[in-house]
Amino acid sequence: MSNSAIVGINWGDEGKGRMVDLLTEQYDVVVRHQGGGNAGHTVINEKGKFALHLLPSGIFREGVVNVLGNGVALDCENLWKEIEELRAKGVSVTPDNLKISDRASLLLPWHRELDGLEEARLADKKYGSTRQGIAPFYSDKFQKKTVMAGELRYPERLKAHLSDLLEWKNLILRRVYGADGYTMEQLTDWVSTWGEKIRPYLCDAGKFFRDAVAQRKRILFEAQLGSLRDLDYGIYPYTTSSNPVAAYAPVGAGLPSMKIDEVIGVVKAYSTCVGEGPFTCEWFGDEAEQLRKAGAEYGAKTGRPRRVGPMDIVATRYGIQVQGATCIALTKLDVLSYMERIPVCAHYRLDGELTDDFPFPAALPDAEPVTEYLDGWKRDISGVRKWEDLPDAARKYVEYLEKNLECPIRYVSVGPERDAIILR
Ligand code: GDP
């Protein structure tokens, strides 16, 4: 019996949703502990194809309780729309299989507006925000200028609290950005439309997890994004505004003392990156377009073409260290089947020197990739389910990665479907 975290090792979009969907049958509880609706986990199963933004990926499994912890950016409007979409496809979402921490803070309508206004102000220096309000939300949370979901249970206090926030926020919206600002009536309407919908799902997550731990329930922590987007350990300022690292999971879930026994780091067989920031191994032109097409690398939330390149050993090893990954799930190996030879960014060159250490963010734009090549296998491997049935060259690639990433590769994924997986 163990608690596990499934985390992204790189820039996000590694295929975490697919791994959580596969592994949830071994767990009783799946919890999202950070981030908001700014990323998308794509899950394909017998009920259809889904892009989950805020809901935990365990929502498809009967008997699994899904929790949104205090660390998430709780956007009740978009959460409700996501719930309705799932219901329309026959997925059951009830207060029995979805619980929302009453300590999660609310992403309010002005957060999304401010995100757009600030990105527009930054113009060509923008951070590449998805404009879902995440950065303004977390800034407000840390300066204690938003409300906790549990306040929905105390309407009079909530009203007074919102009125104070409104006065302050309107100063910023109007004086800094020249926007219209909000009225109390708009806010109250928003709360009664969207806040009320999620009220039945609220719970004391600390108590829920204390009981779950006492009953030896198995808990799966599901992170959003990846190590290199972590606010403290990523490529700041091109990071997200929360902590996707496994160490934060118990804090953001609801019971900081929970132990994580296993950290499964999800790594894609090549590199992709959505948004801005230095991306050392980036490819351009035809080479990039071919890989992007082969891997269908377009953002689940935004549809933006992802930046692509070969596996980056330096960044990935750093990502593994930051997460404390105990094993790796390697995804999308099938995508590389078209290549004659498989390129890997084996080292960086920085200031004329070879290095295997991931540079400090301010030095990263000067790093250059040092590429090595392995043999390709030039065969469709998407039907393979056993390690020994993989072509020799594909096994050698996986073994090369395992050795250089210094972490065991336990799962190899060769397709998006639930069963397209090789266990080692
Ligand atoms: P996440 O946010 O980390 O869950 O990643 P995304 O959902 O944004 O991106 C992963 C994409 O790759 C999804 O469209 C998955 O269905 C797909 N996918 C996951 N694993 C595999 C695989 O092994 N092979 C292929 N071809 N697609 C995969």
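Residues numbered from 1 in each chain as written. Predicted model: local features only at pLDDT ≥ 70, side-chain atom pairs only at ≥ 80, totals over all residues. Heavy atoms only, no water.

### Here we look at the pattern of salt bridges
- Under the counting rule described, the total for this entry stands at 26 salt bridges.
- Its salt-bridge partner being Lys81, residue Glu77 comes within 3.3 Å of it at the nearest N-O pair. Placement of the pair is Glu77 and Lys81 together in helix H2 (residues 76-88), with a separation of four residues, close to one helical turn.
- The exposure class of Lys81 is partly exposed, given its relative accessible area of 37%.
- Through salt bridges with shared partners, a single ionic network connects Asp13, Lys268, Glu297, Arg306 and Lys332. (Salt bridge = Lys/Arg side-chain N within 4 Å of Asp/Glu carboxyl O. Helix = DSSP H or I, 4+ residues; strand = E, 2+ residues; numbered from the N terminus. Buried < 20%, exposed > 50% of the residue type's maximum accessible area, 1.4 Å probe, protein only.)

### Re helix H11 (residues 392-405)
- The terminal C-alpha atoms of H11, which comprises 14 residues, lie 20 Å apart, in line with the 20 Å expected from a rise of 1.5 Å per residue.
- For H11, every residue scored as buried is listed here: Ala393, Ala394, Tyr397, Val398, Tyr400, Leu401 and Leu405. Down the axis of H11, the buried side of the element spans an arc of 155°, and every buried residue falls inside it. Turned more than 90 degrees from where H11 packs its buried face, Lys396 and Lys403 sit exposed.
- Its buried side turned inward, H11 meets strand E14 (311-312), helix H10 (313-323), strand E15 (327-331), strand E16 (341-350), strand E18 (368-375) and strand E19 (409-413).
- Note on H11: the residue one or two positions beyond its end, Glu406, has a positive phi of about 60°. (Expected span 1.5 Å × (residues − 1). Arc of directions from axis to C-beta. Contact = heavy atoms within 4.5 Å.)

### Side note on the domain arrangement of the protein chain
- Taken as a whole, the protein chain is organised into domain 1 (4-103 + 201-264), domain 2 (105-198) and domain 3 (267-423).
- Taken over C-alpha atoms, the centre of domain 1 sits 23 Å from the centre of domain 2.
- Taken residue by residue, the interface counts 29 residues in domain 1 and 23 residues in domain 2.
- In this structure, Arg153 engages Asp102 in a salt bridge whose closest nitrogen and oxygen atoms are separated by 3.4 Å.
- Along the contact surface separating domain 1 from domain 2 lie ten residue pairs in polar contact (both at pLDDT 80 or more).
- Counting residues per element, the ones that place at least two in the side of domain 1 that touches domain 2 are strand E6 (73-74), H2, strand E7 (98-101) and strand E9 (202-203). (Domains from an automatic or database assignment. Polar contact = N/O pair within 3.5 Å; in protein donor to acceptor, adjacent residues only side chain to side chain.)

### Digging into the site of the ligand
- Not every one of the 17 residues close to the ligand is listed here, only the nearest: Lys16, Gly17, Thr42, Asp334 and Ser413.
- A distance of 3.1 Å separates an oxygen atom of the ligand from a polar side-chain atom of Arg306.
- Between Gly415 and the ligand, the recorded distance is 3.1 Å, taken from a backbone N or O atom to an oxygen atom.
- Here the ligand has 590 Å² of accessible area as a free molecule, and 90% of this is covered by the chains.
- When residues of the shell around the ligand are assigned to their parent elements, the largest contribution, three residues, is made by helix H1 (residues 16-23).
- Of the residues in the shell around the ligand, the class split is three nonpolar, seven polar and seven charged.
- Split by domain, the shell around the ligand shows at least three residues from each of two domains, domain 1 (4-103 + 201-264) and domain 3 (267-423). (Near = heavy atom within 4 Å. Areas by Shrake-Rupley, 256 points an atom, 1.4 Å probe, with all protein chains shown as cover. Nonpolar A, V, L, I, M, F, W, Y, C, P; charged D, E, K, R; others polar.)

### Quick notes on the nonpolar core
- By size, the foremost hydrophobic cluster in this structure holds 60 residues, and its most contacted members are Phe209, Leu330, Leu333, Leu336, Trp377, Tyr397 and Leu401.
- By residue number, the principal contributor to this core is H11, which donates seven residues.
- Looking at which domains feed residues into this core, each of domain 1 (4-103 + 201-264) and domain 3 (267-423) supplies at least three.
- With near-sequence residues (within four places) excluded, Trp377 lies in contact with Leu333, Leu336, Ser337, Met339, Ile342, Pro391, Ala393, Ala394 and Tyr397.
- Among the nonpolar cores identified, the runner-up in size contains 41 residues, and Val43, Val93, Leu98 and Ile100 belong to it. (Core = buried A, V, L, I, M, F, W, Y, C linked by side-chain atoms within 4.5 Å.)

### Here's the deal with a negative patch on the surface
- A surface patch of like charges, here negative, comprises Asp351, Glu353, Asp366 and Glu368.
- Summarising the element assignment, Asp351 is placed in the loop between E16 and strand E17 (353-355). (Patch = residues over 30% accessible without salt bridge, like charges linked within 9 Å, V, L, I, M, F, W, Y side chains within 5 Å. Lys, Arg positive; Asp, Glu negative; His and termini not counted. Charge placed at Lys NZ, Arg CZ, Asp CG, Glu CD.)

### What to know about the pairing of strand E4 (residues 48-52)
- Here strand E3 (residues 41-45) pairs with E4 via five bridges, running antiparallel. Counted as the bridge partner of Asn45 is Gly48 from E4.
- The antiparallel hairpin formed by E3 and E4 contains two residues in its connecting segment. (Pairing = 2+ DSSP bridges.)

### Some thoughts on the packing of aromatic side chains
- By the definition in use, this model includes nine aromatic pairs.
- Geometrically, the ring pair formed by Phe137 and Tyr138 is edge-to-face, given 4.8 Å between the ring centres and 75° between the ring planes. Residues Phe137 and Tyr138 agree in their burial class; the two are buried.
- Relative to Tyr397, the ring of Trp377 has its centre 6.2 Å away and its plane inclined at 45°; by these criteria the two rings are tilted. Of this pair, Trp377 sits in the loop between E18 and H11 while Tyr397 is found in helix H11, placing the two residues 20 residues apart along the sequence.
- Owing to a relative accessible area of 0%, Tyr397 belongs among the buried residues under this scheme. (Phe/Tyr/Trp six-rings, centres within 6.5 Å; stacked < 30°, edge-to-face > 60°.)

### What about unusual backbone geometry?
- Here the bond from Tyr236 into Pro237 is cis, since omega is 5°, no more than 30 degrees from zero.
- The topology assignment puts Pro237 in the loop between strand E10 (219-226) and helix H8 (249-253).
- One non-glycine residue, Leu225, lies in positive phi territory at about 60°.
- Positionally, Leu225 belongs in strand E10.
- Residue Leu225 is classed as buried on the basis of its relative accessible area of 17%.

### What to know about the packing of helix H3 (residues 109-122) against helix H5 (residues 155-176)
- At a closest axis distance of 12 Å, the pairing of H3 and H5 adopts a crossing angle of 15°. As the angle between them shows, H3 and H5 are arranged roughly parallel. Crossing of H3 against H5: the hand is left-handed. The segment H3 lies against H5, with Trp110, Glu113, Leu114 and Leu117 engaging Leu165, Leu166, Lys169, Ile172 and Leu173.
- Per-class residue counts for the contact of H3 with H5 are seven nonpolar, no polar and two charged. (Axes fitted to C-alpha atoms, helices over the stretch in contact; angles between N-to-C directions. Parallel < 35°, antiparallel > 145°, perpendicular 65-115°, else oblique. Left-handed = near helix turned anticlockwise from the far one by under 90°.)

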